[in-house]
Amino acid sequence: MNTSFVNSARMAWAALRMLLVLTVVTGIVYPLVVTGIGQVLFHDKANGSMVKVDGKEVGSKLIGQSWNLPGTDKPDPKWFQPRPSNSGYDPLATGSSQLSAGNPKLVKMVEAAKKQVAAFNGVSESEVPKDAVTGSASAIDPDISPAYAKIQVNRVAKANGLTVAQAEKLVKDHTQGRTAGFLDQPRVNVLELNIALKELAGP
């Protein structure tokens, strides 16, 4: 038998065996090990950080959602409101408006949004923070700044029959500091805040 043919066949068989081994290791063993570690050590995060109320999933701590009046696109005054979303809080259509900071269209949108937010919360336009009128890069940011939560306190308290002090305490209790003391910015998770608000205010 031709020696070159035998050598080629031997090399092809070795390559095939290596392919099979790597396929099993990287395609089956490794994913199963990583998934197992995630489920054991980081079960909540590995499953989407879902939040349950009375045994029912109501959302994820990682994905923003709208808090509008039922069947409308108008914000419900009894809930703390999230950042605006260019995608309608759709996790399958994330992304910003792609408009530059100096784009006249964006400037006009921000100015209109600032007036709406100020009127809705009964504050002056100068008190409206940036995150109240601009979306995040992902368009599904679940958090707002403490400053944005603060300007909503009076409205939320009134709509739910609470005192301002009660609403302020809710915000304070749900304000997270910088990660590791120096990363990110202080923030408030809107879903967790509104769940706590519902528990306090009742049905």
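Residues numbered from 1 in each chain as written. Predicted model: local features only at pLDDT ≥ 70, side-chain atom pairs only at ≥ 80, totals over all residues. Heavy atoms only, no water.

### A few points about helix 3 (residues 104-121)
Stage number 1. For helix 3, built from 18 residues, the straight-helix expectation of 26 Å at 1.5 Å per residue is met to within 8% by its first-to-last C-alpha distance of 26 Å.
Stage number 2. Residues of helix 3 that are buried include every one of Leu106, Ala113, Val117, Ala118 and Asn121, and no others. The buried residues of helix 3 all sit within an arc of 130 degrees when viewed along its axis, so they share a single face. Turned more than 90 degrees off the buried face of helix 3, the exposed positions are Pro104, Lys105, Lys108, Lys115, Gln116 and Ala119. (Helix = DSSP H or I, 4+ residues; strand = E, 2+ residues; numbered from the N terminus. Expected span 1.5 Å × (residues − 1). Buried < 20%, exposed > 50% of the residue type's maximum accessible area, 1.4 Å probe, protein only. Arc of directions from axis to C-beta.)

### Details of the nonpolar core
Stage number 1. By size, the foremost hydrophobic cluster in this structure holds 29 residues, and its most contacted members are Phe80, Val117, Val128 and Leu197.
Stage number 2. Those elements that provide at least two residues to this core are helix 3, helix 4 (146-160), helix 5 (164-173) and helix 6 (190-201).
Stage number 3. Beyond its immediate sequence surroundings of up to four residues, valine 117 is in contact with Val128, Ala132, Val133, Tyr148 and Ile151. (Core = buried A, V, L, I, M, F, W, Y, C linked by side-chain atoms within 4.5 Å. Contact = heavy atoms within 4.5 Å.)

### A closer look at empty space enclosed by the protein
Stage number 1. In this structure the tally under the stated criterion is 1 cavity of 30 Å³ or more.
Stage number 2. Computed from the structure, the largest cavity encloses a volume of approximately 40 Å³.
Stage number 3. As for the largest cavity, its lining consists of Ile63, Gly64, Gln65, Trp67, Pro82, Pro142, Asn189, Val190 and Leu191. (1 Å grid on protein atoms, 1.4 Å probe; cavity = no way out; pocket = protein on both sides within 12 Å on 5 of 7 lines; lining within 4 Å. Points joined across faces, edges and corners; volume = space filled by probe spheres on them.)

### Considerations on a nonpolar patch on the surface
Stage number 1. A grouping of Val24, Ile28, Val29, Leu32, Val33 and Ile37 is seen on the molecular surface, where their side chains present a nonpolar patch of about 520 Å² in accessible area.
Stage number 2. Locating valine 29 in the fold gives a position in helix 1 (residues 3-41).
Stage number 3. The class of valine 29 is partly exposed, set by a relative accessible area of 41%. (Patch = residues over 30% accessible without salt bridge, like charges linked within 9 Å, V, L, I, M, F, W, Y side chains within 5 Å. Areas by Shrake-Rupley, 256 points an atom, 1.4 Å probe, with all protein chains shown as cover. Salt bridge = Lys/Arg side-chain N within 4 Å of Asp/Glu carboxyl O.)

### Quick look at the packing of helix 5 against helix 6
Stage number 1. Between helix 5 and helix 6, whose axes approach to 10 Å, the crossing angle comes to 145 degrees. Along this stretch, helix 5 crosses helix 6, giving a crossing that reads as right-handed. Counted together, Gln166, Leu170 and Val171 of helix 5 and Leu193, Ala196, Leu197 and Leu200 of helix 6 form the full contact between these two elements.
Stage number 2. Looking at the contact of helix 5 with helix 6 residue by residue, the class counts come to 6 nonpolar, 1 polar and no charged. (Axes fitted to C-alpha atoms, helices over the stretch in contact; angles between N-to-C directions. Left-handed = near helix turned anticlockwise from the far one by under 90°. Nonpolar A, V, L, I, M, F, W, Y, C, P; charged D, E, K, R; others polar.)

### Overview of the layout of surface pockets
Stage number 1. Space inside the largest pocket adds up to approximately 820 Å³.
Stage number 2. Together, 33 residues line the largest pocket, and Arg83, Pro84, Ser85, Ala113 and Ala132 are the ones closest to its centre.
Stage number 3. Considering every element that reaches the lining of the largest pocket, the biggest residue donor is helix 3, with 8 residues.
Stage number 4. Looking at the lining of the largest pocket, its residues break down into 16 nonpolar, 15 polar and 2 charged.
Stage number 5. If you list the elements that add at least two residues to the lining of the second largest pocket, you get strand 2 (56-60) and helix 6.
Stage number 6. Among the elements that take part in the lining of the second largest pocket, helix 6 stands out by supplying 4 residues, more than any other.
Stage number 7. When its residues are assigned to classes, the lining of the second largest pocket shows 6 nonpolar, 2 polar and 2 charged.

### A few points about the side chain of asparagine 160
Stage number 1. Its location among the elements puts asparagine 160 in helix 4.
Stage number 2. Non-local contacts of asparagine 160, meaning those with residues more than four positions away in its chain, are made with Lys78, Leu197 and Ala201.

### Structural notes on the packing of aromatic side chains
For any pair of aromatic rings, the description consists of the separation of the ring centres together with the inter-plane angle of the planes.
Stage number 1. A complete count under the given rule lists 1 aromatic pair for this structure.
Stage number 2. With a centroid separation of 5.3 Å and an interplanar angle of 55 degrees, the aromatic rings of tryptophan 67 and tryptophan 79 are classed as tilted. One end of the pair, tryptophan 67, is in the loop between strand 2 and helix 3; the other, tryptophan 79, is in the loop between strand 2 and helix 3, with 12 residues separating them in the sequence.
Stage number 3. Taking the relative accessible area as the measure of exposure, tryptophan 79 reaches 14% and is therefore buried. (Phe/Tyr/Trp six-rings, centres within 6.5 Å; stacked < 30°, edge-to-face > 60°.)

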